[in-house]
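Descriptive structure summary
What follows is the residue order along each chain.
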Amino acid sequence: MDQDLHDPGRDFRALLRSQRVWDTTLPAFDPTDVPDAPLALFHRWFVEACTAGQPEPHTMSLATVDERARPDVRTVMLHDADAEGWHFATHSTSAKGRQLAVTPEAALGFYWSVQGRQVRVRGTVTATDSAQGLADLHARSTGALAAALTGRQSEVLGSLAELDRVSRAAWERARTEPDAPVPSWTRYVVAPREVEFFQGDAERRHVRLRYRGGPGRGWQRELLWP
């Protein structure tokens, strides 16, 4: 039997291997010239990512584990980064909200490809009070409120028609009631115990600097092999 000459897997692998990264001049990173704590360096890198034209620098991967310790990951938006930690928000009834209620630990990952940079954060997660969650939501766009009002995040959807109907109603309410309550909407804070800064290098001599410790405990800095 003749072998099928068209192999979609081979086409995919050829396309995959043809991709290149960091086809540009990358910034230098001197790990000896950094602040004592990671937050100031994160702020500096975030500003530099925005200035360099990085699309959506405020998006990040959020990793949690379920009740059987199986990892789960998704992309969410950063809402703040301050002395408390790295902030994001979601429904407490969503998959990630339920997972965090059981295991309040998370990892965050930022990838700023324009400069070949990554930032990784690991730490304990705390849910803020409902007032902070609603203040956070009502300070955002009408679309953000509409999405929150749509609710039922991660539940099984019967049809796109159902989504369209519920979403239209949510948008109408968000426009007419900009302070509408969403009881399940929760702001979470990741209090870091590890923060790593990764600067890519075209010759693969990547610079990795990790902070370990935490607020109130002091921070230790160490280099990691790439």
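So, here's what we can say about the structure. From a predicted model like this one, the values you see are computed outputs, not experimental measurements.

With that out of the way, let us pick up the overall build of the chain. Check the secondary structure of the chain and you find six helices and nine strands. In terms of principal-axis extent, the alpha carbons of the chain reach across some 70 × 55 × 40 Å. The burial tally for the chain puts 36% of its 226 residues in the buried class. The long-range share in the chain, meaning contacts at least 24 apart out of those at least 6 apart in sequence, stands at 64%. Element-wise, carbon and sulfur atoms account for 53% of the exposed surface of the chain, whose accessible area totals about 13,700 Å². If the 28 positive side-chain charges of the chain are averaged to one point and the 30 negative ones to another, these points end up 3 Å apart.

Let us now look at the layout of surface pockets. Considered as a void within the structure, the largest pocket measures approximately 480 Å³ in volume. Lining the largest pocket are 23 residues, with His91, Ala147, Thr150, Gly151 and Gln153 positioned closest to its centre. When residues of the lining of the largest pocket are traced back to their parent elements, those giving at least two are strand 2 (71-77), strand 4 (86-91), helix 5 (142-150) and helix 6 (160-176). Among the elements that line the lining of the largest pocket, the one with the most residues is helix 5, at four residues. Among the residues making up the lining of the largest pocket, the classes are represented as eleven nonpolar, seven polar and five charged.

Let's shift gears to the pattern of salt bridges. Per the stated rule, a full pass over the model turns up 18 salt bridges. A salt bridge links Glu48 to Arg117; the nearest nitrogen and oxygen atoms lie 2.6 Å apart. In this pair, Glu48 is assigned in helix 2 (residues 38-51) and Arg117 in strand 6 (residues 117-127), connecting sequence segments 69 residues apart. Exposure remark for Glu48: the relative accessible area of 29% places this residue in the partly exposed category. Of the charged contacts, one joins Arg152 and Glu155 as a salt bridge, the two residues approaching to 3.1 Å between their closest N and O atoms. Judged by relative accessible area, Glu155 falls into the partly exposed class, the value being 48%. Linked by salt bridges that have partners in common, Asp80, Asp136 and Arg187 make up one network.

The next thing to look at is the side chain of Ser184. Secondary-structure assignment places Ser184 in the loop between helix 6 and strand 7 (185-199). Looking at Ser184, its side chain comes within polar contact range of the side chain of His91, at 2.7 Å. Not counting residues within four places of it along the chain, the set of residues in contact with Ser184 comprises Thr90, His91, Ser92 and Thr93.

This next bit is on the packing of aromatic side chains. Counted according to the given criterion, the structure contains twelve aromatic pairs. Taken together, a centroid distance of 5.9 Å and an interplanar angle of 40 degrees make the contact between Phe42 and Trp112 tilted. Of this pair, Phe42 sits in helix 2 while Trp112 sits in strand 5 (residues 105-112), and the two are 70 residues apart along the sequence. Judged by relative accessible area, Trp112 falls into the buried class, the value being 1%. Arranged with centres 6.1 Å apart and planes meeting at 70 degrees, the rings of Phe46 and Trp112 form a pair that is edge-to-face. Of this pair, Phe46 sits in helix 2 while Trp112 sits in strand 5; the two residues are 66 residues apart in sequence, bridging distant segments of the chain. Grouped by ring-pair contacts, the aromatic residues Phe29, Trp45, Phe197, Tyr211 and Trp219 constitute a single cluster. The side chain of Arg117 reaches across the aromatic face of Trp45, ending 4.0 Å from its centre.

About the criteria used
- Residues numbered from 1 in each chain as written.
- Predicted model: local features only at pLDDT ≥ 70, side-chain atom pairs only at ≥ 80, totals over all residues.
- Heavy atoms only, no water.
- Helix = DSSP H or I, 4+ residues; strand = E, 2+ residues; numbered from the N terminus.
- Buried < 20%, exposed > 50% of the residue type's maximum accessible area, 1.4 Å probe, protein only.
- Contact = heavy atoms within 4.5 Å.
- Areas by Shrake-Rupley, 256 points an atom, 1.4 Å probe, with all protein chains shown as cover.
- Lys, Arg positive; Asp, Glu negative; His and termini not counted.
- Charge placed at Lys NZ, Arg CZ, Asp CG, Glu CD.
- 1 Å grid on protein atoms, 1.4 Å probe; cavity = no way out; pocket = protein on both sides within 12 Å on 5 of 7 lines; lining within 4 Å.
- Points joined across faces, edges and corners; volume = space filled by probe spheres on them.
- Nonpolar A, V, L, I, M, F, W, Y, C, P; charged D, E, K, R; others polar.
- Salt bridge = Lys/Arg side-chain N within 4 Å of Asp/Glu carboxyl O.
- Polar contact = N/O pair within 3.5 Å; in protein donor to acceptor, adjacent residues only side chain to side chain.
- Phe/Tyr/Trp six-rings, centres within 6.5 Å; stacked < 30°, edge-to-face > 60°.
- Lys NZ or Arg CZ within 6 Å of the ring centre and 35° of its normal.

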